[in-house]
Amino acid sequence: MKLPDFDYRKPVSLTEACEMLSSEEDARPIAGGTDLIPAMKYGLKKPRVLVDISCLPALREITLTEKGLTIGAAVTLREIVKSGHNPLLTQACAAVGSTQLQAMGTLGGNLCQDTCCLYYNLPPMTRQALRPCFKRGGDTCHVTKSGKVCLATYAGDVAPALLALGAEVTIASPVRERTIPLGELFSGKGETPQTLNRGELVKEITIPSKKSFGSYLKLRVRKSIDYPLLGVAVNLFPNGEKGVSITVGLTAVERKPLSFTLPPDLSEEKRIEVWMTYLADEAYKRAHPVANTSGYSPQYRREMVKVYVKRAIEEALKKSDEKNLLDSK
Amino acid sequence: MIYWLLGAHGVEVEVDTETGEVKILKVYAAQDTGRAIHPDNCRAQLQGGVSMGIGFALYENILLEDGITLNPSLLDYKLPTAWEIPEIETILVETPHKEGPYGAKGMGETTNVALPPALANAIYDAVGVRIYDLPITPEKILRALRESKREEK
Amino acid sequence: MKKISLTVNKETYELWVSPKETLLDILRDRLDLTGTKRGCDMGSCGACTVIIDGVPKLACLTLAVQCEDKEITTIEGLSAEGKLHPLQEAAMEKNAIQCGFCTPGMVLSAKALLDENPQPTEEEIKDAIAGNLCRCTGYVKIIDAIKSVSRGK
C-alpha cells in the first residue's frame, strides 16, 4: 500500500513544532506512526504535512518529583514499561498491541489515537461499497443503519489507567501551555476524539504522587496485537481512617474513555462487596459498547463490564499492602 | 494411489464459567503417517495443523454483510499468536501403507480438521454444553450454560 | 525528495527518498534487502520486523526519513561474513522453518530479546514473538529454537 504525498518536517524545538502545526493548513504530528500510518495507507487520512515530534527533548523526559511522575508525550510505551515507575501505568502500557507496537508507540500517540470502527477502518476497495459515514465526512452511520451520530469507539489502553490515577495532561501551543485533567482531553465525539485546537500538542502527563494500588484488565480476543474490546482500570487510594478512595477507568465502551469514583460515604465503609457492587453497577450504566468491532458482541462486552470491574478490584486489593483495607465491619 | 488420512486428537481445556473464555491447556495430536520419512517434519506439520485448528475453532471468523467482508485485514481476521498455542504432544503412528514409497503416505495439516470437534467435546466434558458452530466464542458458551441451567429447573 | 544517510547492517547508504517511502519500501526496493517481508503492511503481522537501535520495530510503519542516524539491522545483517547467527543455526536444527515467511521477523524479534535478556523464561519468549504471526509452525519449534540458543549462553 502506498502512502499519499505529504511534506515532512522535523522541528528542533517544541515551540517550532507547535508553530508548524499551527501555520500549516493540514498538518499532523507523527512519532511512532502506529496509528497514523495505517490510516494514511488506507487513505482515511491525508495530511499535507507531517511534523516529526519523536525526538523533541521536551517530550522525551521521565521525571519524578514530590509533585508526581511526569512523562513526556514522545516517551515510548516500551520505555515506560522498562522504567518501572507506577505499576498500574506499566500494566496498561504492557497490554498495548505487541512488543514492536509498544517499542514504536508513544504515550501521547496512544492517548491521542483515533477512534475505531469496523465500518470505517477498511481498505479503499471495500470502502467503496459503503456509503460514506459521518467519520468519513458523510451522512450516515453503518453501525446503527439509521444513526444520527458517529459511534466510533475509543479503544486506547493507557487512558483508563491514567484516568484512574488522576492524571493531568499538559498541552503546548505556540503561545502557551495549559494543564487540564486528562478527562478533558477527550471530546466524546466519534469523528474527532480529542479536544485539541489547531497548533496544540500534548506535551506530557503528570500522575500525582499519592500512594495507590491498581490493576488494569483487558478483554481482547487474542493475547497480543488486538485492541481492547473492554478495558477496566481500577485504582485504590488508601485514605487511612477515611477508608479507601477508588477510581475506575473504562475504555472501548464509548466514544471516549470514562472514569468515575466511589462516593465518600461508601468509601468509609470498609466492605469490599459494597464497593464492588456499586462500582460494577456504575460501570455497567455508563458503558455503551456498539457492534463495530471484529470480535465479541456489544451485549457480551457490556455484560463483562461487571465481571471485569469486580476482578480488577480483587487484583488491586491483592497488590495492596494495607492490612486495614480488608477489615470488614 | 488412494490413501486415507487417519488421526485422533485429545484436548484439555479450562473454561471460565463467569466469562465463557476457553483456555486450551494441552493438545495431543496423533496421525497415521504410513512411514515417517522425516519424523521431525511430520511433527512440525501436526503442530502447525493444531494451531490452524485453534484459529479455526476459536478466533477466525469472516464477517460478511451484504456481500462485503468487514474484516479483510490481519488485524481483524484473527490468527492465533504465540500466546494462543498450548503445549502440543505429537504422536506419529506408523502403519506402513503398502502402496506408498517406503510405506509412506501423505500427511499434513489435517489436524486442522480434527481439532475443533475435539475442542468442542472437551468443552462439553468440562462444562456440559455443546457448541455446534464456529468460532466457539465466550458468548456462545455463556448462553449455552444459561440455557442448560434453565432447562434443569 | 530528501537526501538521507541510512545505516543498515553496519553499511551506510546515501539515498534520495520521498517522505512517503517507508523503511520497508527502501529496504526491499532500493537496497535489494528482500529478507524483510511485506506481510499485512499495516502493523498487525510482524513479518517486517527489523531492529532499530537495538529495539524491534515494524518497517512497514516506519518512514525512511525518520531513520537517519539510526542503526538498522535486518535479517541479512545476522550472517556477517557468511557465518550464520546462532538463532539461524538453531532455527534450522530445530526445524523451526516451514514456509519461511515469518522467519526473518521472528528471528529478529528473538535476537532483540536475547540481546537484552539472554536467559528468558518461556513466557518472556512468547511475549517477544507474540507480535509475529506464523501460520505454518504453531510456534512450537520456533520457541524450542530460541530456548536452545538461550540455554547455551
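We now turn to the structure provided with this report. Computed from a predicted model, the values in this text were never measured in an experiment.

The rules behind each value
Residues numbered from 1 in each chain as written. Chains lettered and ligands numbered in written order. Predicted model: local features only at pLDDT ≥ 70, side-chain atom pairs only at ≥ 80, totals over all residues. Heavy atoms only, no water. Buried < 20%, exposed > 50% of the residue type's maximum accessible area, 1.4 Å probe, protein only. Helix = DSSP H or I, 4+ residues; strand = E, 2+ residues; numbered from the N terminus. Pairing = 2+ DSSP bridges. Contact = heavy atoms within 4.5 Å. Buried area = accessible area lost by both parts, 1.4 Å probe. Salt bridge = Lys/Arg side-chain N within 4 Å of Asp/Glu carboxyl O. Nonpolar A, V, L, I, M, F, W, Y, C, P; charged D, E, K, R; others polar. 1 Å grid on protein atoms, 1.4 Å probe; cavity = no way out; pocket = protein on both sides within 12 Å on 5 of 7 lines; lining within 4 Å. Points joined across faces, edges and corners; volume = space filled by probe spheres on them.

1. Let's talk about the pairing of strand β12 (residues 258–261) of chain A
Here comes step 1: Burial along β12 of chain A is one-sided: L258 and F260 of chain A are buried, while S259 and T261 of chain A, pointing the other way, are not.
Here comes step 2: What sits between strand β11 (residues 244–251) of chain A and β12 of chain A in their antiparallel hairpin is a turn of six residues, with A252 of chain A showing a positive phi close to 70°.

2. A few points about the interface of chain C and chain A
Here comes step 1: Taken together, the contact between chain C and chain A spans 31 residues of the former and 30 residues of the latter.
Here comes step 2: Taking both partners together, chain C and chain A bury about 2500 Å²; carbon and sulfur atoms supply 58% of that area.
Here comes step 3: Of all residues in chain C, the largest losses of buried area upon contact with chain A belong to K20, M42 and L61 of chain C, amounting jointly to 26% of the total for that side.
Here comes step 4: Connecting chain C to chain A are four salt bridges.
Here comes step 5: A salt bridge links E116 of chain C to K82 of chain A; its shortest N-O distance comes to 3.1 Å.
Here comes step 6: Counting only elements with at least two residues in the side of chain C that touches chain A, the list comes to β4 (55–58), α3 (103–116) and α4 (122–129) of chain C.
Here comes step 7: With four residues, β4 of chain C is the single largest residue contributor to the side of chain C that touches chain A.
Here comes step 8: Counted by class, the side of chain C that touches chain A contains 13 nonpolar, ten polar and eight charged residues.

3. Some details on empty space enclosed by the protein
All names here are of chain C.
Here comes step 1: Summed over all chains, the structure comprises three cavities of 30 Å³ or more.
Here comes step 2: One number sums up the size of the largest cavity: a volume of about 110 Å³.
Here comes step 3: Residue assignment for the lining of the largest cavity shows that the elements contributing at least two residues are α2 (86–93), α3 and α5 (140–152).
Here comes step 4: Among the elements that take part in the lining of the largest cavity, α3 stands out by supplying four residues, more than any other.
Here comes step 5: A breakdown of the residues in the lining of the largest cavity according to their chemical character gives eleven nonpolar, one polar and no charged.

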